[in-house]
Amino acid sequence: MDVDADNFEEAYILLEEHLPRSAFVAVDLEMTGITGRADTRVSGGDAPQVQYSKGRAVVCRPYNIVQVGICLFEEQSPGQFMCRPFNFWVFPRPFTERDPDGKQVKVDDHFLGLSASSMTFLASNGLDFNRWIGKGVSYTNAETEEALLRALPACFRNASDNHSDP
């Protein structure tokens, strides 16, 4: 199921319904870049701790997630699985929010780092850049989420507690 801002709620309900019944879950990311300096490239002989350290060095680069793929595997009978794929388009949309007193809470404008080779790969494999930017599901970091929750009027705060940790 391709998921964007238009059908996010529907997909979220399905994901929430089927996740507890899943025998296992696979996750995949499409990103605006995946490579780092030469010393961060993983080789077959690297110990897991070294691979992890090299991977962390790349993650710290200014690359962004384009899509989050989640596939749920529900066992129907021994050895027979129903696969439920979800392909979430995500985009860190900028926003300006104000608290109930009209005071600006935070302006969040994300920097997008792009690797030319990664973007060429995505384009050659049919990535819809207009859908990514125009309909990608918005997201933010934990610090900004906390500031936005504090800015909500009290009558809405308790309702948001039910949705902050899907």
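Residues numbered from 1 in each chain as written. Predicted model: local features only at pLDDT ≥ 70, side-chain atom pairs only at ≥ 80, totals over all residues. Heavy atoms only, no water.

Q: Explain the pattern of salt bridges here, please?
A: Note that side chains of opposite charge can pair when their charged atoms are close. Applying the stated criterion to the full structure yields seven salt bridges. The salt bridge involving D4 is made with R131; its shortest N-O contact spans 2.9 Å. With D4 in the loop between β1 (2-3) and α1 (8-18) and R131 in helix α4 (residues 129-135), this residue pair connects regions lying 127 residues apart in the sequence. On the accessibility criterion, R131 (22% relative accessible area) is partly exposed. Salt bridges here are not isolated pairs; linked through shared partners, they connect E17, R21, E74 and R84. (Salt bridge = Lys/Arg side-chain N within 4 Å of Asp/Glu carboxyl O. Helix = DSSP H or I, 4+ residues; strand = E, 2+ residues; numbered from the N terminus. Buried < 20%, exposed > 50% of the residue type's maximum accessible area, 1.4 Å probe, protein only.)

Q: How should I be thinking about the environment of Q104 in this particular structure?
A: With respect to the helices and strands, the residue Q104 is situated in strand β6 (residues 104-108). Linking Q104 and A151, residues 47 residues apart in sequence, is a C-alpha distance of 9.4 Å. Those residues in contact with Q104, other than ones at most four positions away along the chain, are T96, E97 and R98. (Contact = heavy atoms within 4.5 Å.)

Q: Looking at this model, I keep getting lost on the nonpolar core. Mind explaining?
A: Generally speaking, nonpolar side chains in soluble globular proteins are found buried as a group. Counting residues in hydrophobic clusters, the biggest one holds ten residues: V3, A11, L15, V68, I70, L72, F86, F88, V90 and V137. Contributing elements (two or more residues each) for this core: α1, β3 (65-77) and β4 (80-89). Ignoring sequence-local partners within four residues, the contact set of V90 consists of I65, V66, Q67, V68, W132, G136, V137 and Y139. The next biggest cluster of nonpolar side chains, apart from the first, holds seven residues, and it includes W89, F91, L122 and W132. (Core = buried A, V, L, I, M, F, W, Y, C linked by side-chain atoms within 4.5 Å.)

Q: Please explain helix α3 (residues 116-124) as it appears in this structure.
A: Working note: α-helix, 3.6 residues per turn, so residues spaced by three or four point in the same direction. The set of residues buried in α3 consists of S118, M119 and L122. Mapping the buried residues of α3 onto a view down its axis gives an arc of 95°, with all of them on the same face. Of the residues in α3, the exposed ones pointing more than 90 degrees away from the buried face are A116, S117, T120 and S124. As for α3, its buried residues are in contact with β2 (24-31), β3 and α4. Just downstream of α3, G126 is the residue with a positive phi angle, here 85°. (Arc of directions from axis to C-beta.)

Q: Just checking my understanding: could you explain α1 for this structure?
A: Listed as buried for α1 are A11, Y12, L15 and H18. In a view along the axis of α1, the buried residues occupy a sector of 145°, so they form one face of it. Exposed positions of α1 whose direction lies more than 90 degrees from the buried face are E9 and I13. The inward-facing, buried residues of α1 abut β1, β3 and β4.

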